[in-house]
Amino acid sequence: MDRNRVGAAAEALLGLAVAALGAFIAVETSTITVSPVYAKVGPQAIPYIVAGALILLGLLFAGAALRGTAPPDAAGRTPTDWFPLVAISVGLVAQMLLLEPAGFVIAAAVLFFCVAFGFGSRRYVRDAAIAVVLAVVVYIGFTRGLNLQLPAGVLAGVL
Amino acid sequence: MQALNALFDGFATALTWVNLGWAFLGVTLGTAIGILPGIGPALTIALLLPVTAHLDPTAAFIMFAGLYYGAMYGSSTTSILLNTPGESGSIMTAIEGNLMARQGRGAAALATAAIGSFIAGTIGTVLLTFLAPVVVKLALRFGPAEYFALMILAFTTVSAMLGASLLRGLISLFLGIAIGLVGTDKLTGQARFSLGYLELLGGVDVVVVAVGLFAVGEALYVASRPELRNAEIIPIKGSLMMTREEWRRSWKPWLRGTFLGFPFGALPAGGTEIPTFLSYFTEKKLARRPEDFGKGAIEGVAGPEAANNAAVAGVLVPLLTLGLPTSATAAILLAAFQQYGLQPGPLLFVSNSTLVWGLIASLYIGNVMLLVLNLPLVGLWVRLLAIPQPLLYGGILVFSTLGVYSLNGRVFDLIILYVLGVLGYLMRRFEFPVAPCIIGLILGPLAEEQFRRALSISQGDWSVFVTHPISAALLVLAALCLVVPLAFRLRRG
C-alpha cells in the first residue's frame, strides 16, 4: 500500500507543477506588450485561457490524487528501475556536450553505447564496435549523401 | 460519379514509375517501423520531414500515407509474435494473437491479420473516396467560427477518448497548446514566451516535440520498466494458408471491424485504439464459442486488425477535407502539409487535386503491395524482431537526436529535446496520453488564428460562436463530450 501512497504524492506534485506552469504562463502573458489596435482579442487572449485551464486542471488533478479518486496507477505496480534512466540521461547529456567540440561521430557513439548499456547490454566490445561503425556510416551517409552539415570535431582531418 | 473521375485522374498520378517507387518505399518503411517496437509512424514521419522538405509534395505524401498504412500492417506481426504491440492500434491483437502463436497457430494469426487489414484498408479507402467530396462540399460553407468550433470538438473528443481519464487527456492537450504558443504571434508579430532566447522566436519545432515525446520519453520509460525489457519471440508455426474453418471464422469479424474502425477514425473521435477495443469485445460477445477467447480465438485477431486499418483510412477524411487531425500521426501529417505551404481543407481538393487524388489512389495500390509484403514475405520481416533491444533503442536515439540537431544545426534544440523527453517520460509513467499533446501543438495555433479571425469579423462580438447554427451545434457536441463521461461516473458511484 506504501507504493500507492508514494504514487499519489507524486501525482499530486505533478498536478501542482502543471498549475505552476499555468501561473507562469499567466505572468509571462501579462508582460506581452499589446498595441491598442488589437486590444480586443490580441495575442494575450488565448494564452490567458490556456493559463487558466492549466491552473484549474492541475489543481483538480492534484486534488483527485490526494483524495485517492484518481484511477489506479497501473504503471506503479512494478517499481521503477532508476539505473537505466541515469545511464541514458548520461548518454544524452554527454552527446549534447560533445557534439560540437568532439564532433558527431564521437558524440553519437557515446550516446549509442550509453543507451545500450542502460538497456542492460553488457557486451561492451560488440556494443562499442557497433556504436563506432554506426556513427561513422551515418556521418558519411548524411554529410556526403544528403549534404547535411554535421560537426566533424576532432576527427575533421580523418573523415 | 465525380469522385470516380477524380479517382481515375488520381490513378494516372499514382501509377507513374516514380510515384509507385515512393509508395513502395513508404509501405516498406512503414512495415519495418510497424514491426520494430519503440518507433512508430508519427515519430518516423516527423524525422523524415526535414529530409523530404525539397521533395515534390505529391511524392512525399504518397510515401507518408503508405508508411501510415504499412505501420498498421507491420505492428500486428509484433503483437502476435512478441506479445508487445508494435503500435497502440495493435494492443488488442496481442491478446489472442500471441496465444495463437504460443499454440503453434502463429501463421494463421498473421494471415488473418494481413488479409483482414487488406480488406479493411481497401473498403476504408473506398469509403474515403466517396465520402471526401461530400464533406468538402459541406466544408466550403464553413467560416472561421465554424472551423474554430470544429477544432474545439476535435480537442475535446481526443482528450476524452484517449488515456486513463478525461483530466489526464485535457492536461496533455493544454500542455501541447502551451508549447504551440511559443514563438512569434502570426497576426501581430509579437514575440510570446521566448523567455529572451532568440532561438525560441521561431517556436518549438514539431519535430523536436515528436522526437522528445515519442523517442526520448519512450526510451526512458521502456528502460525503466524491467517487465518491458525482455520479451520472447515466438517462431512462426503452421501454414500461412488459412483453413476453410479459419476463413469462416474470420470474414465476419473483418467486415464488422471495418465498419467500427472507419467511423471512429473519420469522426474526430480519437484515432485507432478505441475501435480495436470495441471490435475485440464485439467479437467476444458474438463468437459462436466465446470460451475460446483467452485461449487464442482467431476472431479476436481478425476484428481488431481490420478495425485499426479502417480507422487509418477514416482518419484521412477529416485530415484531408477539413485540415483536422484526429491522431498523433495525422497531426504530424498536417505539419507536413504546412511545411509545403499547403493547408488541408476543402480548398486543397480544388487547388491541389492532383496531390489529393494521387494520394488517395496510391492508398489502393499501397494496400496491394502491403498484402504481398506482409503475407508471403512475413518470414523476412520477422528477422527484424531479432535485433536486440539495447541496440535498437541505441539506434533510435542516435537517429532521433541527429534529426533534431540537423533541423537548424543548433545544440539549443537538443536541450529543448531533453526537456521534452523528460516530459514524455513523466507522461508515459503517469499514464497521460501523448496524442492530445501533439494534436494541441499542431492544431492550437490554427484554432487561435480562426478564433481571432472570427472575432475580428464580428468586431469583437463573442456571440458569433453560438449564433452561427453549425458552430453552435459543434460546440454543444464538444460540451457533451466533456459532460457525458462525468455524468456517467457520478451515476456509477
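Residues numbered from 1 in each chain as written. Chains lettered and ligands numbered in written order. Predicted model: local features only at pLDDT ≥ 70, side-chain atom pairs only at ≥ 80, totals over all residues. Heavy atoms only, no water.

**Some words on the overall build of chain B**
What chain B contains, in helices and strands, is 22 helices and two strands. In terms of overall dimensions, chain B is globule-like: its C-alpha atoms have a radius of gyration of 22 Å, near the 23 Å expected for 493 residues. In chain B, 79% of the contacts between residues at least 6 apart in sequence involve partners at least 24 apart. Of the roughly 18,000 Å² of accessible surface on chain B, a fraction of 68% belongs to carbon and sulfur atoms. (Helix = DSSP H or I, 4+ residues; strand = E, 2+ residues; numbered from the N terminus. Rg over C-alpha atoms; globule rule 2.2 N^0.38 Å. Contact = heavy atoms within 4.5 Å. Areas by Shrake-Rupley, 256 points an atom, 1.4 Å probe, with all protein chains shown as cover.)

**So, the overall build of chain A**
Tallying secondary structure elements over chain A gives five helices and zero strands in all. Going residue by residue from the N terminus, the α and β elements of chain A occur as α-α-α-α-α. Within chain A, contacts between residues separated by at least 24 positions form 59% of all contacts whose residues are at least 6 apart in sequence. Accessible surface, chain A as shown: approximately 8,300 Å² in total, 71% of it carbon and sulfur.

**Things to note about the interface of chain A and chain B**
Across the boundary between the two partners, chain A contributes 65 residues, which contact 63 residues of chain B. Roughly 5,500 Å² is buried in total at the junction of chain A and chain B, and carbon and sulfur atoms are behind 77% of that figure. If you sort the residues of chain A by the area they bury against chain B, Val41, Met96 and Phe119 of chain A come out on top, with a joint share of 13%. At the boundary of chain A and chain B, one finds one salt bridge. For Glu11 of chain A, the salt bridge identified is with Arg168 of chain B, shortest N-O distance 3.1 Å. Only helix H1 (2–30), helix H2 (45–67), helix H3 (82–102), helix H4 (104–118) and helix H5 (124–145) of chain A provide two or more residues apiece to the side of chain A that touches chain B. For the side of chain A that touches chain B, a count of residues per class yields 46 nonpolar, 11 polar and eight charged. (Buried area = accessible area lost by both parts, 1.4 Å probe. Salt bridge = Lys/Arg side-chain N within 4 Å of Asp/Glu carboxyl O. Nonpolar A, V, L, I, M, F, W, Y, C, P; charged D, E, K, R; others polar.)

**Topic: the packing of aromatic side chains**
Going through the model one piece at a time under the given rule, you end up with 21 aromatic pairs over all chains. Taken together, a centroid distance of 5.7 Å and an interplanar angle of 75° make the contact between Phe83 of chain A and Phe117 of chain A edge-to-face. Of the two residues, Phe83 of chain A sits in helix H3 while Phe117 of chain A sits in helix H4, which places them 34 residues apart along the sequence. Take Phe117 of chain A: its relative accessible area is 23%, and that puts it in the partly exposed class. Judged by centre distance (5.8 Å) and plane angle (40°), the ring pair of Phe11 of chain B and Tyr364 of chain B falls under tilted. In this pair, Phe11 of chain B sits in helix H1 (residues 2–14) while Tyr364 of chain B sits in helix H16 (residues 353–374), placing the two residues 353 residues apart along the sequence. Exposure remark for Tyr364 of chain B: the relative accessible area of 16% places this residue in the buried category. Counting every residue linked through ring pairs, the aromatic cluster contains Phe83, Phe113, Phe117 and Tyr124 of chain A. (Phe/Tyr/Trp six-rings, centres within 6.5 Å; stacked < 30°, edge-to-face > 60°. Buried < 20%, exposed > 50% of the residue type's maximum accessible area, 1.4 Å probe, protein only.)

**Overview of the pattern of salt bridges**
Residue and element names in this part refer to chain B. Scanning the entire structure with this criterion turns up 15 salt bridges over all chains. Across the salt bridge formed by Arg428 and Glu218, the nearest N and O atoms sit 2.9 Å from each other. A residue pair is termed long-range when its members are at least 10 positions apart, and Arg428 in helix H19 (residues 411–429) and Glu218 in helix H9 (residues 206–224) qualify at 210 residues. Looking at Arg428, the relative accessible area reads 28%, which means it is partly exposed. The class of Glu218 is buried, set by a relative accessible area of 18%. Asp292 serves as the salt-bridge partner of Arg289, at 3.0 Å between the closest nitrogen and oxygen. It is possible to trace a salt-bridge network through shared partners that takes in Asp185, Arg192, Glu448 and Arg452.

**Quick notes on the environment of Val105 of chain A**
All names here are of chain A. Among the secondary structure elements, Val105 is positioned in helix H4. Using a relative accessible area of 8% as the deciding quantity, one classes Val105 as buried. In this structure the C-alpha to C-alpha distance between Val105 and Ala152, which are 47 residues apart in sequence, comes to 7.4 Å. Setting aside its immediate chain neighbours within four residues, Val105 contacts Ala135, Val136, Tyr139, Leu155 and Leu159.

**Describing H2 of chain A**
Counted at 1.5 Å a residue, the expected span for H2 of chain A with its 23 residues is 33 Å, and the 33 Å between its end C-alpha atoms agrees. Positioned one or two residues after H2 of chain A, Gly68 of chain A has a phi angle of 80°, which is positive. (Expected span 1.5 Å × (residues − 1).)

**Looking at unusual backbone geometry**
Residues and elements named next belong to chain B. With a phi angle near 60°, Glu431 is a residue other than glycine that sits in the positive phi range. Even without a glycine there, the phi angle at Gln459 is positive, about 55°. We classify Gln459 as exposed; its relative accessible area is 67%.

**What to know about the environment of Gly52 of chain A**
Tracing the sequence through the fold places Gly52 of chain A in helix H2. For the pair formed by Gly52 of chain A and Ala23 of chain A, sequence separation is 29 residues and the distance between their alpha carbons is 7.8 Å.

**Some remarks on the packing of H4 of chain A against H5 of chain A**
All names here are of chain A. Two numbers describe how H4 lies on H5: the axes approach to 8 Å, and their chain directions differ by 140°. In this structure, H4 crosses over H5, and the sense of that crossing is right-handed. Seen from H4, the contacting residues are Phe104, Val105, Ala108, Ala109, Phe112, Phe113, Ala116 and Phe117; seen from H5, they are Tyr124, Asp127, Ala128, Ile130, Ala131, Val132, Leu134, Ala135, Val136, Val138 and Tyr139. The class makeup of the residues in the contact of H4 with H5 is 18 nonpolar, no polar and one charged. (Axes fitted to C-alpha atoms, helices over the stretch in contact; angles between N-to-C directions. Left-handed = near helix turned anticlockwise from the far one by under 90°.)

**So, helix H5 (residues 91–102) of chain B**
Residue and element names in this part refer to chain B. Compared with an ideal rise of 1.5 Å per residue, which puts 12 residues at 16 Å, H5 spans 17 Å between its outermost C-alpha atoms and is within 8% of the ideal. Among all positions of H5, only Met92, Thr93, Ala94, Glu96, Gly97, Asn98, Met100 and Ala101 are buried. Looking at the buried positions of H5, the neighbouring elements they touch are helix H4 (57–82), helix H6 (106–139), helix H12 (273–286) and helix H13 (299–322). Just past H5, the residue Gly104 takes up positive phi, approximately 80°.

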